[in-house]
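# Coordinates in review
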Amino acid sequence: MTDNADQIAYWNAASGHKWAEDAEKLDAMMAEMAAVAIAAASPRAGESVVDIGCGAGATAVALANAVGPEGRVLGVDVSAPMLEVARARGAGRGPLSFVEADAATAHFAAASADLVFSKFGVMFFVDPEAAFRNIRKVVKPGGRLAFICWRTLKENPFATLPMGAALKHLPPQPSPDPNAPGPFAFADPVRVGHILTAAGFQTPAFAHFDSTMTVGRTPAAAAKEAVLVGMASRLLANEPQAMKDQVIAELTEIYERHVTPAGVTVPAACWVVTASA
Ligand SMILES: C[S@@+](CC[C@H](N)C(=O)[O-])C[C@H]1O[C@@H](n2cnc3c(N)ncnc32)[C@H](O)[C@@H]1O
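Computed from a predicted model, the values in this text were never measured in an experiment.

Position of Arg144 among the secondary structure elements: in strand β5 (residues 139–150). Judged by its relative accessible area of 17%, Arg144 falls in the buried class. Dropping the residues within four chain positions of it, Arg144 is found in contact with Ala41, Ser42, Pro43, Arg44, Glu47, Asp114, Leu115, Val116, Val139 and Ala275.

Moving on, we get to the site of the ligand. Surveying the vicinity of the ligand reveals 18 residues, the closest of which are Gly53, Asp77, Asp102, Ala103 and Lys119. For the ligand, a nitrogen atom lies 2.7 Å from a polar atom in the backbone of Gly53. One of the side-chain N or O atoms of Lys119 is found 2.7 Å from an oxygen atom in the ligand. Across the shell around the ligand, the residue classes tally to 10 nonpolar, 5 polar and 3 charged.

This paragraph deals with the nonpolar core. Note that soluble globular proteins tend to have their nonpolar side chains buried in a common cluster. Ranked by internal contacts, the top residues of the largest apolar core, which has 90 residues, are Met33, Phe132, Phe147, Trp150 and Phe186. Considering every element that reaches this core, the biggest residue donor is strand β8 (residues 263–276), with 8 residues. Once you skip the residues sitting within four places of it in the chain, Phe147 turns out to touch Ser118, Val122, Phe132, Phe186, Val192, Leu196, Trp271, Val272 and Val273.

Backbone geometry places Ser42, a non-glycine residue, at a positive phi of 40 degrees. Note that Ser42 resides in the loop between α4 (31–41) and β1 (48–52). Here Phe120, not a glycine, exhibits a phi torsion of approximately 55 degrees, which is positive. With respect to the helices and strands, the residue Phe120 is situated in the loop between β4 (113–119) and α7 (128–138).

Cut-offs applied
- Here, residues in each chain are numbered from 1, in the same order as that chain's written sequence.
- With pLDDT at 70 or above as the cut-off, local features in this predicted model cover only qualifying residues; side-chain atom pairs require 80 or more to be listed or tallied, and sums for whole chains, interfaces and linings still use all residues.
- No hydrogens and no water enter the side-chain calculation; it runs on all heavy atoms of the structure.
- To qualify as a helix, a DSSP run of H or I must reach at least 4 residues; to qualify as a strand, a run of E must reach at least 2; elements of each kind are numbered from the N terminus.
- Buried residues are those whose accessible area, probed at 1.4 Å on protein chains only, stays under 20% of the maximum for their type, while exposed residues exceed 50% and partly exposed ones sit between those limits.
- Should any heavy atoms of two residues lie within 4.5 Å, those residues are counted as being in contact.
- Any residue with a heavy atom positioned within 4 Å of a molecule or strand is treated as near that molecule or strand.
- For the purposes of these results, a polar contact is taken to be a pair of N or O atoms within 3.5 Å, where, inside protein, one atom must be able to donate a hydrogen and its partner to accept one; residues adjacent in sequence count only when each atom of the pair is a side-chain atom.
- Residue polarity is assigned by list, with Asp, Glu, Lys and Arg as charged and Ala, Val, Leu, Ile, Met, Phe, Trp, Tyr, Cys and Pro as nonpolar; anything else, Gly included, falls into the polar class.
- For this analysis, a nonpolar core means a set of buried residues of the types Ala, Val, Leu, Ile, Met, Phe, Trp, Tyr and Cys, connected via side-chain atoms within 4.5 Å.

Below, the structure is given as structure tokens:
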């Protein structure tokens, strides 16, 4: 068992399988975020890149396309089901490989990467400073770090709407620790700045990226999805189906107010973080 054992178990259980099954859909939902993060990382032909928490591999494939045949991309993730999808997507691409490993403790080849990249894959470490110290070792002197992560929960209705619907049905929950491993753990730029500089990176830059997420084609489809994947699904994981059905019904009504021609679309707020090694 490592310190990150809970997260490793989570990403290999039902949730990891769901992310793997829905890879195309989730990639489409967050395509803007992927494009913005890759643009900030600015991968160049011939570079060596590590994609942390690469999941089902879409950004690793995009990075491999950017660095070309002379470059190299290594996708790192703890989720076996998501890596299975990533490997299938990357099959036959020479410079692209994947490893199942905890990025906090993985033995990376020292000073071998020009760029460390992540799309929503670095907020799950129990000890982020130690994890980034390990990640820092793989970066060449003068190399770069670029990742995208979520801003605060309250700035992200894609999460608060389903969570609010779920919480109405649950006994009062303890106030969550905003820094606990999870999607919103890197919302505070002061904290993240300290983590990165303590781990050996230069002072990072934080750029706001205000986007939207289309969480489903119809309110009912979006509400069903919310109890299967994401923060509300975590809250409801051990609750009876009747409660989940109630949440789906109420969330469907809430989502009716967010219907656009593209589907159910809600605001999403991110940080794009860049730092030199
Ligand atoms: C929100 S998903 C993002 C996946 C992918 N980057 C994307 O945008 O679709 C978070 C990813 O981080 C991975 N992850 C969590 N903890 C990790 C760790 N300690 N080391 C490597 N990957 C980790 C999970 O398995 C999961 O694939």
